[in-house]
Amino acid sequence: MTETAAPGRVLPHPDRTEIRLEGVLHALSDPVRLRIVRELARAADELSCSRFDLPVTKSTTTHHFRVLRESGVIRQCYRGTAKLSGLRRDDLDDLFPGLLDALLTAADGQYARLGDDV
């Protein structure tokens, strides 16, 4: 695992070679985590965790971000006191070509059809 953080604040991330399809699919199978990934995919840059308005408690939000980070879907780092998250699109696209785009397209279609975004 590689680590990215300010001194004293280390967050473990899997190396690109450690990212597994089943871990990515598990991480994206939860509606809250899929919502986070959809927002990150639309963002031009990394987003602060506090920017997400999720229908769960802060501790549950922390859990969801940890699952995404530990599966290799996102990368997190501290900038000052803010924890920023970014989608590991390049890694995911290289390892699993077309998977992320297909999942995001399907999720967008489901939202348009059902109007249900968690």
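Use the structure listed above.
None of these values were measured; they are calculated from a predicted model.

## Re the overall build of the protein chain
And step 1. If you tally the helices and strands in the protein chain, you get five helices and five strands.
And step 2. Across the 118 residues that make up the protein chain, the buried fraction comes to 36%.
And step 3. Sequence separation of at least 24 residues holds for 61% of the intrachain contacts in the protein chain that already meet a minimum separation of 6.

## Details of the pairing of strand S5 (residues 82-87)
And step 1. By the bridge criterion, two bridges tie strand S3 (residues 47-48) to S5 in an arrangement that is antiparallel. By the bridge assignment for S5, Ser48 is matched with Leu84.
And step 2. The turn joining strand S4 (residues 74-79) and S5, which pair antiparallel and follow one another in sequence, is formed by two residues; a positive phi near 65° is taken by Gly80.

## Brief notes about helix H5 (residues 99-114)
And step 1. The terminal C-alpha atoms of H5, which comprises 16 residues, lie 22 Å apart, in line with the 22 Å expected from a rise of 1.5 Å per residue.
And step 2. Turning to H5, its buried residues number three or more, namely Leu100, Leu104 and Ala107. An end-on view of H5 places all buried positions within 65° of arc, on one side of the element. Turned more than 90 degrees away from the buried face of H5, the exposed residues are Thr105, Ala112 and Arg113.
And step 3. Looking at the buried side of H5, the elements it contacts are helix H2 (31-42), S5 and helix H4 (89-95).

## A word on the pattern of salt bridges
And step 1. This structure, assessed with the given rule, holds 10 salt bridges.
And step 2. A salt bridge links Glu22 to Arg20; the shortest N-O distance between them is 2.5 Å.
And step 3. In this structure, Arg35 and Glu39 form a salt bridge, with 3.7 Å as the shortest nitrogen-oxygen distance. In this pair, Arg35 and Glu39 are both assigned in helix H2, four residues apart and thus about one turn of the helix distant.
And step 4. For Glu39, a relative accessible area of 18% translates into the label buried.

## Examining the sheet that holds S3
And step 1. If you walk across this open sheet you meet the three strands as S3-S5-S4, and the pairing is antiparallel. Single-partner strands in this sheet number two, and they are S3 and S4.
And step 2. Contacting S3, S4 and S5, H2 crosses the sheet at an angle of about 85° to S5.
And step 3. The sheet contacts of helix H3 (residues 58-71) involve S4 and S5, and relative to S4 the element is tilted by about 115°.

What counts and how
- Residue positions are counted from 1 within each chain, in the order its sequence is given.
- Side-chain atom pairs in this predicted model are given and counted only at pLDDT of 80 or more, local residue features only at pLDDT of at least 70, and totals for whole chains, interfaces and linings cover all residues.
- Values shown for side chains rest on all heavy atoms present in the structure; no hydrogens or waters enter the calculation.
- Secondary structure elements follow DSSP: runs of H or I no shorter than four residues count as helices, runs of E no shorter than two count as strands, and numbering proceeds from the N terminus.
- The cut-offs for exposure are 20% and 50% of the maximum accessible area for each residue type, with area from a 1.4 Å probe on protein chains only; residues under the lower value are buried, those over the upper are exposed, and the others partly exposed.
- Contacts were defined at the residue level, with two residues in contact if any of their heavy atoms lie within 4.5 Å.
- In this analysis, strands are considered paired if DSSP registers two or more bridges between them.
- Given a helix with a known number of residues, its expected span is that number minus one, times 1.5 Å.
- Picture the helix axis, draw a direction to every C-beta atom, and the arc is the one those directions span.
- The rule for a salt bridge is simple: a side-chain nitrogen of Lys or Arg has to be within 4 Å of a carboxyl oxygen of Asp or Glu.
- Axis definition: a line fitted to C-alpha atoms, limited for helices to the stretch in contact. Angles are taken between N-to-C directions and run from 0 to 180 degrees.

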